[in-house]
Structure formats: C-alpha cells, structure tokens
Amino acid sequence: ATKAHHREEEEDQEDQEDVMLFFGRRATPGKCKTRLAKDLMRILMVNEEEEEEEEEERRRKGETMAARLYEFCTERVLRGFLLGREEMIRGTNVCAPTPRRRYRDGVMKKRLRLVFYVAEKEEVEKVREWLEKKNLLFFGDEDKDDKEEEEEVGVVSLRRRRKIEIEVKAQDESTNDLGLRMIRAINDEISSYASRSPEDVGERSRRVFHVVGTDYPDASWERLEESTKKMRASKPLKNDAPKIGFGKAEDGGFWHLSTTCRLSESLFGSEEEKLVRWSTNHTLEDAKNAARKVGMVPHVEDSCDPLYDIDTLEDVRNWMIATTTNRKEEKSSEVEEDEFTKLVGEVVCMR
C-alpha cells in the first residue's frame, strides 16, 4: 500500500505542467506600440536641427523606433522565461530533458510548454522566422563543453535539454476584444488536453495556463512562479470554485492571467455590457470584480514592485528610473546591457 501511495504521488507530481501563452505580435512599424510611436515622433520633431523633414518621415522614424523597442522587449521577455528555467535546471540534479524536469529526490517533476500567440494569422510564419533567427524558436546552441558537463549531470546531454521549442499560433481574429482573445486561447489549449485526457483538466488539475504580456520588460519565469505562489498553494474549495491569478502592473492593469480551468466567454463582459475598462488604471480591479461575479476566486500578485510596460514614452522612462533605483538599493553595479536596455538608454537621452 505504501508503494502504491508513493507511485500515485509520483504520477501526481509528474502531471505538473505550466502552459505559457505569450500574447504579442510581429514587430511591424505602424502596427505595434502606436502611442509610443507618436511620443517618439514628437521628440524627433522637437530635436530636428537640420533641414526640416516632412511629417511623414518623422512618423516613419517614430514607428520604426517603437517597433524596435517592442521587438527587443519581446525577446527579453522570452529569454527571461527560458533563461530562468535553464538556471533552475543547472542548479539542480536533473535527470530528464526539458521541457520535463525531474529532481533526483523525487520532490518535483514538472513540464513547461511555451506558445507565442500572435495577433494575426498572416504573422505566424514571419514570427517563427524572427524567433529562429534570434535563437529563440529552438533555444540554445550546441556547446563544446556539453560532454564534460554531461558527465557531471548524467543521463542526457545539456544540448538536448536546451532545445526548448516555442510554438507559434494565431489569436482568434473573429473578435478584436483582447479579453475574449485571451479567454479563447486558454480554452482552446484546455480543449486540446481534454481531448486526450478528460480527467486531466479542471480545478484539481496540476496544469496551470498563463497568458503573459510581451511588453513588460521584467516579466520572467521566476517572477511568474512567485506571482502565482499563493494561487498554487491554495487548496480547492468545497464547491470547487475555480481560481484565477493576476500579475500586478504599475499602470493598474495586469501582466499575466493564470488559471487551471476553462473560462466563461462572458467573464469580462460582452459587447453590450463591458465589465473591464481595458488600458486604464481600473483594469485589474475590474477584472477581479468580474471574476468574483462569475464565482471565481481571484488571487493578485502580492508585490510592492508592480511591472512597467512600454505603451508610452513615459512608461519607458519610468521603467528606466525604477531599474536604476532598484540597482542602487541593491548596491549592484551590474547592468543587463541587452539590446532593449541599450535602445531605452538612447531613447531616454533624446530629450
């Protein structure tokens, strides 16, 4: 009986899986971060010292710079999840390839699945090409030291473990409602699992589905695990009331939505009755109230350090100020000089 119980526990642990649904789009000038592009255009107009350019040229420059910022931000977010996972793998005694990770002591067995949901179907192939070019579609390069490290870890090669595929799919284009697009993406993923294993979805499932925004520079796997700790730890209620988790954003919105079960399409309201005021400082509070209205139990990230997005130039500057302040408080001189940080530095210095 003891062996059977232990086996059941192991099977239960092995069912743990996080399904990441990154919401974003191809970084096309004029089609992404339009408010940021307009802010940048105004700066270019003020700073133009040479022969005055046509407004069209300034618009083109602003849109191109905004698209580059979003492109680099998205890459930073994806790496924040992939590198965070890789660090945890390297810091433990791993005996199975990613996306499934197992600890030798049997404490945890977990899988990670990553899906990039793009705004339009026609963007899918272009986004695949972009991610592959930046070494993000199949994350990691073959390393000369793999064999030496493999001897230390054993069982599988580190090169294989670093091959984490990011799937690319299109959001539901039949609606422009962002909330409904998120809900349908989660429900579609749940349906795909339910068709294979009906008993493996629902409130008591150990599989968690997350929609994550790609325009939050500090979004990462480590931050998401911390953000959903309370939701994961809470036991199912007697009436099996479903749980939903939100990551706190600085502007009053949320940077991730997490759940274990199917969501009602009317969760955030309808065309006739909208329950959430999107892109305002009321978004998170409205979403929490909407969840309670349909009988869900909302869990909000317990953090005094909400994440910044890059919707406007003010947001970009505030992110830079917050990052600099945090570095000083931590007495750290290290600066993560990725492409996003470098470009933000250039933009901030434009004025």
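Every value quoted in this text rests on a predicted model; they were computed, and no experiment measured them.

**Things to note about the environment of Glu 71**
Thinking step 1. Looking at where Glu 71 falls in the secondary structure, it is placed in helix α3 (residues 55-90).
Thinking step 2. Remark: the alpha-carbon pair of Glu 71 and Cys 32, spanning 39 residues in sequence, is separated by 9.6 Å.

**Considerations on the packing of aromatic side chains**
Thinking step 1. As enumerated under the stated definition, the model contains eight aromatic pairs in all.
Thinking step 2. Between the aromatic rings of Phe 22 and Phe 81, the centroid separation amounts to 5.0 Å while the plane-to-plane angle is 80°, which identifies the pairing as edge-to-face. Here Phe 22 is found in strand β1 (residues 17-24), whereas its partner Phe 81 is found in helix α3, with 59 residues between them in sequence. Note on accessibility: Phe 22 and Phe 81 belong to one class, buried.
Thinking step 3. By the ring-pair criterion, three or more aromatic residues cluster together here, those being Phe 246, Phe 254, Phe 268 and Trp 278.

**Overview of the pattern of salt bridges**
Thinking step 1. Under the defined criterion, the tally for this structure stands at 31 salt bridges.
Thinking step 2. Here Arg 25 makes a salt bridge to Glu 120, at a shortest N to O gap of 3.0 Å. Here Arg 25, found in the loop between β1 and α2 (34-47), pairs with Glu 120, found in the loop between β3 (109-118) and α4 (124-133); they are 95 residues apart in sequence, far enough to count as distant. Each member of the pair, Arg 25 as well as Glu 120, is classed as buried.
Thinking step 3. Here Lys 288 and Glu 285 are joined by a salt bridge, their closest N and O atoms 3.3 Å apart. Here Lys 288 and its partner Glu 285 are both found in helix α10 (residues 283-293), three residues apart, which amounts to about one turn of the helix.

**Remarks on unusual backbone geometry**
Thinking step 1. The phi dihedral of Lys 33 falls on the positive side, at around 50°, and the residue is not glycine.
Thinking step 2. Secondary-structure assignment places Lys 33 in the loop between β1 and α2.
Thinking step 3. Even without glycine at this site, Ser 279 takes up a positive phi of about 60°.
Thinking step 4. Considering the arrangement of structural elements, one finds Ser 279 in the loop between β8 (254-259) and α10.

**Regarding the confidence of the model for the chain**
Thinking step 1. In this model, the chain carries an average pLDDT of 80, and 72% of its residues clear a pLDDT of 70 or more.
Thinking step 2. Note on residues 92-108: pLDDT under 50 across the span, and 42 contacts to partners over four residues away in sequence or across chains.
Thinking step 3. Contacts from residues 140-162, a stretch scored under 50 in pLDDT, to residues over four places away or in other chains number 34 contacts.

**What about α10?**
Thinking step 1. Among the residues of α10, Thr 283, Leu 284, Asp 286, Ala 287, Lys 288, Ala 290 and Ala 291 are the ones counted as buried.
Thinking step 2. Two residues or fewer after α10 comes Gly 295, characterised by a positive phi angle close to 85°.

**Topic: the nonpolar core**
Thinking step 1. Counting residues in each nonpolar core, the largest one holds 47 residues, and the members touching the most others are Met 20, Phe 22, Phe 81, Phe 116, Leu 131, Val 168 and Phe 340.
Thinking step 2. Residue contributions to this core peak at eight residues, all from α3.
Thinking step 3. Among residues more than four places away in sequence, those in contact with Phe 340 are Leu 69, Phe 72, Cys 73, Arg 76, Pro 217, Ile 310 and Trp 319.
Thinking step 4. Counting 26 residues, the second largest nonpolar core, distinct from the first, contains Ile 190, Ala 290, Ala 291 and Met 296.

**Comments concerning the side chain of Arg 181**
Thinking step 1. Along the chain, Arg 181 falls in helix α7 (residues 178-194).
Thinking step 2. Buried within the structure, Arg 181 lacks any salt-bridge partner; its nearest side chain of opposite charge belongs to Glu 173, at an N-O separation of 5.3 Å.
Thinking step 3. Side-chain polar atoms of Arg 181 contact the side chain of Gln 171, separated by 3.0 Å.
Thinking step 4. Every residue in contact with Arg 181, bar those within four places of it in the chain, is listed here: Phe 23, Ala 119, Gln 171, Asp 172, Glu 173, Thr 175 and Asn 176.

**Let's talk about the side chain of Thr 214**
Thinking step 1. Note that Thr 214 resides in the loop between β6 (207-213) and α8 (221-227).
Thinking step 2. The exposure class assigned to Thr 214 is buried, which follows from its relative accessible area of 1%.
Thinking step 3. At 2.9 Å, the side chain of Thr 214 forms a polar contact with the backbone oxygen of Phe 23.
Thinking step 4. In terms of polar contacts, Thr 214 uses its side chain to reach the side chain of Tyr 70, at 2.8 Å.

**A few points about the pairing of strand β7 (residues 243-248)**
The side chains of a regular strand alternate, first on one face of the sheet and then on the other.
Thinking step 1. Most of β7 sits inside the fold, with five of its six residues counted as buried.
Thinking step 2. Judged from the four bridges that link them, β7 and strand β9 (residues 297-300) form a sheet pairing that is parallel. Across the sheet, the residue bridging to Phe 246 is Val 300, located in β9.
Thinking step 3. With four bridges connecting them, β7 and β8 associate as antiparallel partners. Of the residues in β8, the one forming a bridge with Lys 248 is Phe 254.
Thinking step 4. Remark: five residues form the turn of the hairpin made by β7 and β8, two consecutive strands paired antiparallel; Gly 252 in that turn has positive phi of roughly 95°.

**Some remarks on the pairing of β1**
Thinking step 1. Within β1, eight of the eight residues are buried, which leaves it mostly tucked inside the rest of the structure.
Thinking step 2. Judged by which residues are buried, β1 turns out to be covered on both faces: Glu 17, Val 19, Leu 21 and Phe 23 on one side and Asp 18, Met 20, Phe 22 and Gly 24 on the other are all buried.
Thinking step 3. In the sheet, β1 pairs with β6 via seven bridges, with the strands oriented parallel. Looking at β6, one finds that Phe 22 is bridged to Val 212.

Procedures and definitions
- Residues numbered from 1 in each chain as written.
- Predicted model: local features only at pLDDT ≥ 70, side-chain atom pairs only at ≥ 80, totals over all residues.
- Heavy atoms only, no water.
- Helix = DSSP H or I, 4+ residues; strand = E, 2+ residues; numbered from the N terminus.
- Phe/Tyr/Trp six-rings, centres within 6.5 Å; stacked < 30°, edge-to-face > 60°.
- Buried < 20%, exposed > 50% of the residue type's maximum accessible area, 1.4 Å probe, protein only.
- Salt bridge = Lys/Arg side-chain N within 4 Å of Asp/Glu carboxyl O.
- pLDDT = per-residue confidence, 0-100.
- Contact = heavy atoms within 4.5 Å.
- Core = buried A, V, L, I, M, F, W, Y, C linked by side-chain atoms within 4.5 Å.
- Lys, Arg positive; Asp, Glu negative; His and termini not counted.
- Polar contact = N/O pair within 3.5 Å; in protein donor to acceptor, adjacent residues only side chain to side chain.
- Pairing = 2+ DSSP bridges.

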